[in-house]
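Analysis of the macromolecular model
Single-letter residue listing:
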Amino acid sequence: MRVVSINKYQVIYYDKANQLLKSEWLEESAKMPISKFRKEAERILNFALKYKPRFAMIDLSNFKYDFNQRDMMWFNSIHNSDLAEKVGIIISSQENPLFQGVNELINNNNILNKKTKMFTTEFETLDWLDLKLV
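Described in the following lines is the structure provided in the data block.

Criteria and thresholds
- Residues numbered from 1 in each chain as written.
- Predicted model: local features only at pLDDT ≥ 70, side-chain atom pairs only at ≥ 80, totals over all residues.
- Heavy atoms only, no water.
- Helix = DSSP H or I, 4+ residues; strand = E, 2+ residues; numbered from the N terminus.
- Contact = heavy atoms within 4.5 Å.
- Buried < 20%, exposed > 50% of the residue type's maximum accessible area, 1.4 Å probe, protein only.
- Pairing = 2+ DSSP bridges.
- Salt bridge = Lys/Arg side-chain N within 4 Å of Asp/Glu carboxyl O.
- Arc of directions from axis to C-beta.
- Expected span 1.5 Å × (residues − 1).
- Phe/Tyr/Trp six-rings, centres within 6.5 Å; stacked < 30°, edge-to-face > 60°.
- Axes fitted to C-alpha atoms, helices over the stretch in contact; angles between N-to-C directions.

**A look at the side chain of Ser5**
As for its position among the elements, Ser5 is in strand E1 (residues 2-6). Residue contacts for Ser5: discarding those within four places in its chain leaves Gln10, Val11, Ile12, Arg43 and Phe47.

Written as structure tokens, this is what we have:
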């Protein structure tokens with residue numbers, strides 16, 4: 001897996017052999033203004049359009065941005081393409097305040113609802129995606 005983009009908010013990886021695009025959000029995301037959050041979300045989608053991965057893994061374990069209803073509505077409006085076969089989302093626990101918002105986002109998006117699951121570890125996510133990283 002190689003890094004294709006990195007900044008203080010997230011690292012984006014691509015594994016060509018497994019056709020996996022991974023976004024790992026960093027703790028600095030707590031300090032993002034809404035405009036930066038939107039730019040970062042669009043960046044992930046642009047890499048998905050570029051690489052056309054079969055699988056995506058979004059690691060929100062360290063995501064600290066205050067994701068709200070307005071952000072969910074915006075994200076749903078731009079996420080109208082079926083970009084990956086399966087999407088695994090990592091959230092540290094169901095007690096994480098982000099869990100409910102992401103769960104709602106998935107359930108309210110027809111595309112995500114069919115192919116997305118949430119997990120607490122990368123190992124569980126990779127197992128569900130049926131991938132083995134070397």
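**Side note on the pairing of strand E2 (residues 10-15)**
Within E2, six of the six residues are buried, leaving the element largely enclosed by the surrounding structure. The two faces of E2 match: Gln10, Ile12 and Tyr14 on one face and Val11, Tyr13 and Asp15 on the other face are all buried. Pairing between E1 and E2: four bridges, direction antiparallel. Its bridge partner lying in E2, Arg2 is registered against Tyr14.

**A closer look at the pattern of salt bridges**
Under the definition given, this model contains six salt bridges. The shortest N-O distance in the salt bridge between Lys22 and Glu24 comes to 3.9 Å. In this structure Lys22 comes out as buried when scored by relative accessible area, which is 6%. Between Glu40 and Arg43 there is a salt bridge, and its shortest N-O distance comes to 2.6 Å. One end of the pair is Glu40 and the other is Arg43, both in helix H1 (residues 34-51) and three residues apart, which spans about a single turn. Judged on exposure class, the residue Glu40 and its partner Arg43 are both buried. Through salt bridges with shared partners, one network takes in Lys22, Glu24 and Glu122.

**Here we look at helix H5 (residues 122-129)**
Taken residue by residue, H5 has Thr125, Leu126 and Leu129 as its buried positions. Taken down its axis, H5 places every buried residue within 95° of arc, on the same side. Structurally, H5 contributes buried residues whose contacts are with strand E3 (20-25), strand E4 (55-59), strand E5 (86-90) and strand E6 (116-119). Within two residues after H5, Asp130 carries a phi angle of roughly 60°, on the positive side.

**Overview of H1**
An α-helix turns once every 3.6 residues. As a result, residues three or four positions apart point the same way. The end-to-end C-alpha distance of H1, which contains 18 residues, comes to 26 Å, matching closely the 26 Å that a straight helix rising 1.5 Å per residue would cover. Turning to H1, its buried residues number three or more, namely Phe37, Glu40, Ala41, Arg43, Ile44, Leu45, Phe47, Ala48 and Tyr51. Downstream of H1 by a residue or two, Lys52 has a phi angle that is positive, lying close to 50°.

**As for the packing of aromatic side chains**
Under the defined criterion, the tally for this structure stands at eight aromatic pairs. Residues Phe47 and Tyr51 carry aromatic rings whose centres are separated by 6.0 Å and whose planes lie at 5° to one another, so their mutual orientation is stacked. You can see Phe47 and its partner Tyr51 sitting in helix H1, four residues apart, about one turn around the helix. When its relative accessible area of 15% is taken as the criterion, Phe47 is described as buried. Exposure remark for Tyr51: the relative accessible area of 18% places this residue in the buried category. Clustering of aromatic rings is evident, with ring pairs tying together Trp25, Phe37, Phe63 and Tyr65.

**Concerning the sheet that holds E2**
As summarised here, the arrangement of the six strands in space is E1-E2-E3-E4-E5-E6, forming an open sheet in which the pairing is mixed. Of all strands in the sheet, those bounded by a partner on one side alone are E1 and E6. Taking the axes of each pair of neighbouring strands and ignoring which way they run, one obtains an average angle of 20° across the sheet. Alignment of E3 against E4, held across five bridges, turns out to be parallel.

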